[in-house]
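Spelled out, the chains give:
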Amino acid sequence: MGAKLSFRLLSGNLDGIDGRIVEVEVDLIPALSSFVISGLAGQGIRESRERIRSALENSGYRYPDRHRIVINLAPATLQKDGAVFDLPIALSILAESGQVPKEPFKNWAALGELALDGRLRKVPGSLGIVSALRRVKHESVLVPAENRSDARQVGGIRAEGACDLREAIAVIVEGGAGTGFDPPEMDTVAGQKLAPDLSDVRGHAVARRALEIAAAGEHPMLMVGPPGSGKSYLASRLASLLPPLTGQERLEVTQIHDVCGLHRESGPVRQRPFRSPHHSVTWAGLIGGGSPPVPGEVTLAHRGVLFLDEFPEISRRSLEALREPLEMGEVTLSRSRFARTYPAHFLLIAAMNPCPCGGSGRLRRSATGGMRCRCSTATLAAYRARVSGPLLDRFDIRITMETISGASLFEEDGPDQESSSDVSVRVELARERAFLRGQQGSNRQLQWKDRQRWAPLGSRAKKFLIECGEQGDLSTRGLTRLLRLGRTIADLRAGNRIEEVDMIEALSLRGPGWS
Ligand SMILES: [Zn+2]
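Computed from a prediction, not measured in an experiment: that's the story for all the values here.

A. Main features of the overall build of the protein chain. When you go through the protein chain residue by residue, the secondary structure sums to 21 helices and 18 strands. Each of the 515 residues in the protein chain was classed as buried or not, and the buried ones make up 52%. Look at the contacts in the protein chain between residues 6 or more apart in sequence, and 73% of them connect residues 24 or more apart. Surface accessibility of the protein chain: about 23300 Å² in total, with carbon and sulfur atoms responsible for 52%.

Here it is in structure tokens:
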């Protein structure tokens, strides 16, 4: 290009949930009026011309007609989209056209969408973008007023907010204070109370115990029971059994909420997510998709719980796609031009009816004379075939829901049930034991080949496992899952060695498996 130095201002864009720094470069060349953007700009950016022109004129500035406005977004390899560059482009045009001095912009970065009247609109993903600017030790960033509280969570970088273009200029050029909306801090205790608690659950001793084990070892869990047997009720309490989010996890979850534009009260997300998409969820809705790709339920459930009710009704393709996030803790969405990776580390809990008619299945006829099964043998077989052996096998824990007896509904008269916080203390201690063994991840990820290190067995436990292998014709994979469960159960009772009693309980959590 020519020798003339163009005006440059830092901004940023999203790549997955992380921010990437983008340099906005603007040149004004006397010529027929035109507006050219280069650097892998998506539709949202290419439509910025009218917003910028209108915002400048409605804020009392001049749009440089009779100029060719050349905008370059670098690096050119990064796909960019959204309206986040409206503000830096508008500011650059003002500086480059001499309407405001250039000098004060030296240490600033800017991001924000412009409304036609010059107001600044909130943009998704500011947390990630400001974090990226902080990583390169950039000094100051100007964001829309509504993004300021997110931007200030990052720390280590001065973040100012502005309501409109005029205020943005005032902050940068005149050193004004700027504005921002800082909603009142949500009371942590009050916030915690919103999550359903395990103490509300009557009966269900087996399921309660299974939830505790699932939470401790991150074991995927499947509940089989007729409608109304309390599957959703129990599943919605699983997130409350997990230890509190660590600082890093909180940042990750907040960043995802920010990118997806999910409503939240204020400040960082404090509770582990609980997502329960309807069984009609599309593949893209579950895994993520679109162009540019947006996160799906597996990412929204990151560091929390993904509950899939009516499991066999979900499309086979969607279910198969769960394999990657379950194994890798992340999901990569590829489009023709680019790929994006989103975090997707979640605890999976699923539920299904014993049969499609909503009855209680042939084998488990309701004792109380409730809904009887009307399914034919063929219907039943087809239903069960939808949840294939390998898919079913992915659930470390598979339990059949107990039918709640009339008496247990009145257990309020008895001693109080344990609360979620009681159980989560044990869960945290069990996880700590795994950490002290030097494990990188949870017990769910333990490998058979390393079992000498993580699974010292008592002699009777070893005999039990060998018998399981011989009688139940369990594959190595099946035995591994059994051993992982035994490991978690031993951790929950603070045992170093896995004993026979742990293995017996582990085996009891492995049915029913039709394959
Ligand atoms: Zn039926």
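Don't stop here, the text continues.
B. Just the packing of helix α19 (residues 459–471) against helix α20 (residues 476–492), in detail. Where α19 contacts α20, the axes come no closer than 10 Å and their chain directions differ by 150 degrees. Relative to α20, α19 is oriented roughly antiparallel. The handedness of the crossing between α19 and α20 comes out as right-handed. Between α19 and α20, the contacting residues are Leu465, Cys468 and Gly469 on the first element and Leu479, Leu482 and Leu483 on the second. The class makeup of the residues in the contact of α19 with α20 is five nonpolar, one polar and no charged.

C. Structural context of the confidence of the model for the protein chain. Here the protein chain averages 85 in pLDDT, while 88% of its residues score no lower than 70. Considering only residues more than four positions removed or in separate chains, one finds that residues 186–193, a stretch of pLDDT under 50, has six contacts. Note on residues 362–366: pLDDT is under 50 here. Beyond four places in sequence and across chains, it has 13 contacts.

D. Just unusual backbone geometry, in detail. With an omega dihedral of 5 degrees, the bond running from alanine 74 to proline 75 counts as a cis peptide bond. Its location among the elements puts proline 75 in the loop between β4 (67–74) and α3 (86–96). Despite not being glycine, arginine 303 shows a phi value in the positive range, around 65 degrees. Turning to its location among the elements, arginine 303 is positioned in the loop between α12 (297–300) and β14 (305–308). On the basis of relative accessible area, arginine 303 is assigned to the partly exposed category, the value being 21%. Notably, alanine 494 is not glycine yet its phi reads approximately 60 degrees, a positive angle. Its location among the elements puts alanine 494 in the loop between α20 and α21 (500–508).

E. Quick look at helix α17 (residues 420–436). With 17 residues, α17 ought to run about 24 Å at 1.5 Å a step, and its terminal C-alpha atoms sit 24 Å apart, in line with that. Of all the positions in α17, only Ser420, Val423, Ser424, Val427, Ala430 and Ala434 are classed as buried. The arc that holds every buried residue of α17, seen down its axis, measures 120 degrees, which confines them to one face. Projecting away from the buried face of α17 at angles above 90 degrees are the exposed residues Phe435 and Leu436. Tucked inside the fold, the buried residues of α17 contact α8 (205–217) and α20. One or two steps after α17, the chain reaches glycine 438, where phi turns positive at roughly 90 degrees.

F. Layout of the pairing of strand β2 (residues 18–30). Pairing geometry for strand β1 (residues 7–15) and β2, over nine bridges, is antiparallel. Following the sheet pairing, asparagine 13 is matched in β2 by arginine 20. A loop of two residues connects β1 with β2, the two strands running antiparallel in sequence, and glycine 16 in this loop sits at a positive phi of about 70 degrees. Both β2 and β4 contribute to a ladder of eight bridges, which runs antiparallel. Looking at β4, one finds that glutamate 23 is bridged to alanine 74.

G. Up close: the packing of aromatic side chains. Scanning the entire structure with this criterion turns up three aromatic pairs. An angle of 80 degrees between the planes, with centres 5.1 Å apart, marks the rings of phenylalanine 311 and phenylalanine 395 as edge-to-face. Linking phenylalanine 311 in the loop between β14 and α13 (316–321) with phenylalanine 395 in the loop between α16 (389–393) and β18 (397–400), this pair joins segments that are 84 residues apart in sequence. Positioned over the ring face of tryptophan 283 is arginine 317, at 4.6 Å from the centre of the ring.

H. Summary view of the pattern of salt bridges. Across all of its chains, the model carries 35 salt bridges by this definition. Taking the shortest distance from any N to any O, the salt bridge between arginine 493 and aspartate 502 comes out at 2.7 Å. For arginine 493, a relative accessible area of 38% translates into the label partly exposed. One salt-bridge network, held together by shared partners, links Arg209, Glu212, Glu418, Arg426 and Glu505.

I. Quick look at the sheet that holds strand β11 (residues 274–275). Within the open sheet, the five strands sit side by side as β11-β14-β17-β10-β18. Their pairing is parallel. If you trace the sheet from one side to the other, it starts and ends with β11 and β18, each paired once. Looking at chain direction, strand β10 (residues 221–224) and β18 are connected through four bridges and run parallel. Note that in β18 the partner of methionine 221 across the bridge is isoleucine 397.

J. Focus on the environment of alanine 159. On the secondary structure map, alanine 159 appears in strand β9 (residues 158–162). Taking relative accessible area as the criterion, alanine 159 reaches 3% and is therefore assigned buried. For the pair alanine 159 and tryptophan 108, spaced 51 residues apart in sequence, the C-alpha separation works out to 9.7 Å. When near neighbours in sequence (up to four residues on either side) are disregarded, alanine 159 contacts Val141, Arg148, Ala151 and Arg152.

K. Spatial organisation of the nonpolar core. By size, the foremost hydrophobic cluster in this structure holds 54 residues, and its most contacted members are Leu56, Ile71, Leu73, Leu91, Phe105, Val141 and Leu142. Element by element, the count of residues in this core is highest for α3, at seven residues. Leave out the neighbours within four places in its chain, and phenylalanine 105 touches Phe7, Leu9, Leu91, Ala95, Val100, Ile169, Ile172 and Val173.

Cut-offs applied
- Residues numbered from 1 in each chain as written.
- Predicted model: local features only at pLDDT ≥ 70, side-chain atom pairs only at ≥ 80, totals over all residues.
- Heavy atoms only, no water.
- Helix = DSSP H or I, 4+ residues; strand = E, 2+ residues; numbered from the N terminus.
- Buried < 20%, exposed > 50% of the residue type's maximum accessible area, 1.4 Å probe, protein only.
- Contact = heavy atoms within 4.5 Å.
- Areas by Shrake-Rupley, 256 points an atom, 1.4 Å probe, with all protein chains shown as cover.
- Axes fitted to C-alpha atoms, helices over the stretch in contact; angles between N-to-C directions.
- Parallel < 35°, antiparallel > 145°, perpendicular 65-115°, else oblique.
- Left-handed = near helix turned anticlockwise from the far one by under 90°.
- Nonpolar A, V, L, I, M, F, W, Y, C, P; charged D, E, K, R; others polar.
- pLDDT = per-residue confidence, 0-100.
- Expected span 1.5 Å × (residues − 1).
- Arc of directions from axis to C-beta.
- Pairing = 2+ DSSP bridges.
- Phe/Tyr/Trp six-rings, centres within 6.5 Å; stacked < 30°, edge-to-face > 60°.
- Lys NZ or Arg CZ within 6 Å of the ring centre and 35° of its normal.
- Salt bridge = Lys/Arg side-chain N within 4 Å of Asp/Glu carboxyl O.
- Core = buried A, V, L, I, M, F, W, Y, C linked by side-chain atoms within 4.5 Å.

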